[in-house]
Amino acid sequence: MIAVGSTSIADREIAWEKIEEVSRKEDVLLSCADPEAEQRMKEEVDKVLRTGDSVGGIFEVVAHNVPPGLGTYAQWDERLDALLAGAVMSLQAVESG
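Residues numbered from 1 in each chain as written. Predicted model: local features only at pLDDT ≥ 70, side-chain atom pairs only at ≥ 80, totals over all residues. Heavy atoms only, no water.

Participant: So what's going on with the overall build of the protein chain? Which residues, and what values?
Facilitator: Helices and strands together make up the secondary structure of the protein chain, namely three helices and three strands. Helices and strands appear in the protein chain in the N-to-C order β-β-α-α-β-α. Principal axes of the C-alpha set define a box for the protein chain whose edges measure 45 × 30 × 25 Å. Considering only contacts in the protein chain between residues 6 or more positions apart, those separated by 24 or more positions represent 50%. For the protein chain, the accessible surface area stands at approximately 7,900 Å², while carbon and sulfur atoms represent 51% of it. (Helix = DSSP H or I, 4+ residues; strand = E, 2+ residues; numbered from the N terminus. Contact = heavy atoms within 4.5 Å. Areas by Shrake-Rupley, 256 points an atom, 1.4 Å probe, with all protein chains shown as cover.)

Structural data, given as structure tokens:
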């Protein structure tokens, strides 16, 4: 599931071509592959912004054509999941809960 607050995208398969199209956009706020859901998510963010509150969310990281053996299981600083977690946690809007 991909969600911002109470607004979510139904669990469905999204074509890789659509994901690539969204990733090429330069002016992106939420990078949502579903434009209608993205608009609802923006409205949810605007609503909590006016009240000074915050909103939780769930996002998905997609990798395509990743070579076998990328990363390692033996060294903590070279594990793929650790590198992805570091990249995600470096986003300004993300904090650990």
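Now that the structure has been shown, the text picks up again.
Participant: Break down the side chain of Asp34 for me, citing the residues and quoting the values.
Facilitator: Summarising the element assignment, Asp34 is placed in the loop between α1 (16-23) and α2 (35-51). Those residues within four positions of Asp34 in sequence are excluded, and the remaining contacts are Ile9 and Arg12.

Participant: Outline the environment of Val62, supporting the account with residue identities and numerical values.
Facilitator: Within the secondary structure layout, Val62 lies in the loop between β3 (57-58) and α3 (80-89). Note on Val62: relative accessible area 39%, which makes it partly exposed. For the pair Val62 and Ile19, spaced 43 residues apart in sequence, the C-alpha separation works out to 8.6 Å. Not counting residues up to four positions away in its chain, the partners in contact with Val62 are Trp16 and Ile19. (Buried < 20%, exposed > 50% of the residue type's maximum accessible area, 1.4 Å probe, protein only.)

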